[in-house]
Amino acid sequence: MDTFITIIYEKQDEIAYVTLNRPDVLNVYNMQMRDELFQVLAAIRDDPEVRAVIFQGAGERAFCAGADLSEFLTAPSPTIARQVRWERDVWGLFLSIPQLLIAALHGYVLGDGLEMALCCDIRIASEDVRMGAPEAGLGIIPAAGGSQTLPRTIGRAPALDMLLTGRWVTAEEACRLGLVNKVVPRGELLSSAERVANRIKGYDPAAVKSAKQAVNRGLDLSLLEGLELEARLGSSLLVSQVDRKRD
Ligand code: COA
């Protein structure tokens, strides 16, 4: 894999660590980060040695303060942007990853940072976290799925409140809304994420993948279709486990 400039990628004991690494500018998301994340996420998806991934931000101040606004007015034309999006759909790639994804959040988690966290399965926040979607105030709307993933995570009314007003929420409110799974002191953020990752390391990866699919795909289906999906995933999991025992 190439050497990266905007992220750090490490792998240890079946856990992958993706660190957003632009601390001087609060780890804001630029085109280079998009390209590097695309490369790393594709590698993770195809790496059976990786059982869980922890996303975190470098430095003391932020997980990610959103899109790099210095690139705002230098954006490519809509046609080129659409082409790049098609070829480098980082957000679609995020949602296709079968392993457990954990966001370890501290400081500012804004815009793209919030959307990245919403692509993860479990969000753990430190007490200093501030989460928000400032896009509407900038005359844009979220472009990384936030208008869809936020209401699916916290419900329509609180999502509209955050998306329309740009209001930030604190760790306590984020936890109450279900935007994060739990809040821990800053010094325990990484170890807390690692505890979750370590817990599932011994599980059958196919079971983790199927459970993710059942929930994520099921949310977009009727209850009846969702139950059919669950039954289908459950029986193919059973068949693959029986086959493996036979081999
Ligand atoms: N794009 C590019 N650079 C950014 C940035 C962004 N979205 N957010 C922060 N930075 C840079 C600042 O320009 C500054 O760089 P400098 O030291 O070279 O001047 C550095 O990060 C630190 O930010 P600063 O604004 O000085 O910190 P602060 O504590 O005063 O404020 C924020 C922090 C998050 C409140 C403020 O930076 C902010 O509002 N950022 C924009 C958030 C946003 O709208 N994101 C886009 C969502 S689509």
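The coordinates are above.
Presented here is an overview of the structure given in this document. (Residues numbered from 1 in each chain as written. Predicted model: local features only at pLDDT ≥ 70, side-chain atom pairs only at ≥ 80, totals over all residues. Heavy atoms only, no water.)

Close contacts around the ligand come from 15 residues, with R61, A65, A67, D68 and L69 the closest. Measuring from a nitrogen atom of the ligand, one finds a backbone N or O atom of A65 at 2.9 Å. Taking L69, its main chain carries an N or O atom lying 2.8 Å from a nitrogen atom of the ligand. Notes on the ligand: free accessible area 860 Å², of which the protein chains cover 57%. Of the residues assigned to the shell around the ligand, the class counts are 11 nonpolar, no polar and four charged. (Near = heavy atom within 4 Å. Polar contact = N/O pair within 3.5 Å; in protein donor to acceptor, adjacent residues only side chain to side chain. Areas by Shrake-Rupley, 256 points an atom, 1.4 Å probe, with all protein chains shown as cover. Nonpolar A, V, L, I, M, F, W, Y, C, P; charged D, E, K, R; others polar.)

In this section: unusual backbone geometry. Unlike most non-glycine residues, D13 shows phi in positive territory, near 50°. One can find D13 in the loop between β1 (7–12) and β2 (15–20). (Helix = DSSP H or I, 4+ residues; strand = E, 2+ residues; numbered from the N terminus.)

Among the six residues of strand β3 (residues 52–57), six are classified as buried, and the element is accordingly described as predominantly covered. Residues A52, I54 and Q56 of β3 are buried on one face, and the alternating residues V53, F55 and G57, pointing to the opposite face, are buried as well. Of the pairings in the sheet, the one linking β2 to β3 comprises six bridges and is parallel in character. Its bridge partner being in β3, A16 is matched across the sheet by V53. The β-α-β motif built from β2, the intervening helix α1 (residues 31–45) and the parallel element β3 has right-handed crossover chirality. (Buried < 20%, exposed > 50% of the residue type's maximum accessible area, 1.4 Å probe, protein only. Pairing = 2+ DSSP bridges. Right-handed = clockwise from strand over helix to strand, strands pointing away.)

In terms of nonpolar packing, the biggest core is built from 49 residues, with I44, F55, F94, L105, M131 and L179 touching the most fellow members. Here this core gets six residues from one element, more than from any other, and that element is α1. Residues within four places of L179 in sequence aside, it is in contact with L114, L118, R123, M131, L150, I154, M162, V169 and A174. In terms of nonpolar packing, the next biggest core, distinct from the first, is built from 14 residues, Y17, I102, A104 and A197 among them. (Core = buried A, V, L, I, M, F, W, Y, C linked by side-chain atoms within 4.5 Å. Contact = heavy atoms within 4.5 Å.)

Across the sheet, which stays open at both edges, the six strands sit in the order β1-β2-β3-β5-β7-β10 with mixed pairing between neighbours. For this open sheet the edge positions go to β1 and β10 (182–184), each flanked by a neighbour on one side alone. Taken over all neighbouring pairs, the strand axes of this sheet differ in orientation by 20° on average, direction set aside. Pairing analysis gives six bridges linking β1 to β2, with the strands arranged antiparallel. Bridge assignment links E10 to a residue of β2, and that residue is Y17. The strands that α1 touches are β1, β2 and β3; relative to β1, the one it contacts most, it runs at about 15°. (Axes fitted to C-alpha atoms, helices over the stretch in contact; angles between N-to-C directions.)

Another point: the pattern of salt bridges. This structure, assessed with the given rule, holds 12 salt bridges. The salt bridge involving K11 is made with D47; its shortest N-O contact spans 2.7 Å. Here K11, found in strand β1, pairs with D47, found in the loop between α1 and β3; they are 36 residues apart in sequence, far enough to count as distant. A relative accessible area of 40% places K11 in the partly exposed class. Residue classification places D47 among the buried positions, given a relative accessible area of 14%. Residue R22 is joined to D68 by a salt bridge in which the shortest nitrogen-to-oxygen separation is 3.0 Å. Within this pair, whereas R22 is found in the loop between β2 and α1, its partner D68 is found in the loop between β4 (62–64) and α2 (78–87), the two being separated by 46 residues in sequence. (Salt bridge = Lys/Arg side-chain N within 4 Å of Asp/Glu carboxyl O.)

Turning next to the sheet that holds strand β8 (residues 130–132). Taken in spatial order, the four strands of this open sheet run β4-β6-β8-β9, and their pairing is mixed. Every other strand in the sheet has two partners, leaving β4 and β9 (169–170) as the edge strands with one partner each. Direction of pairing for β4 relative to strand β6 (residues 108–110): parallel, over a ladder of two bridges. By the bridge assignment, A62 is partnered in β6 with Y108.

Let us now look at the environment of T3. Along the polypeptide, T3 turns up in the segment before β1. Judged by its relative accessible area of 78%, T3 is exposed. With 33 residues separating them in the primary sequence, T3 and E36 have C-alpha atoms 9.2 Å apart.

Glancing now at the pairing of strand β5 (residues 100–105). Extensive coverage of β5 is indicated by the burial of six of its six residues. Relative to β5, β3 runs parallel, the two sharing four bridges. Residue pairing for β5: A52 is matched across the bridge by L100. Note: β5 against strand β7 (residues 122–126), four bridges, orientation parallel.

Remember that the coordinates give geometry; whether it matters functionally is a separate question.
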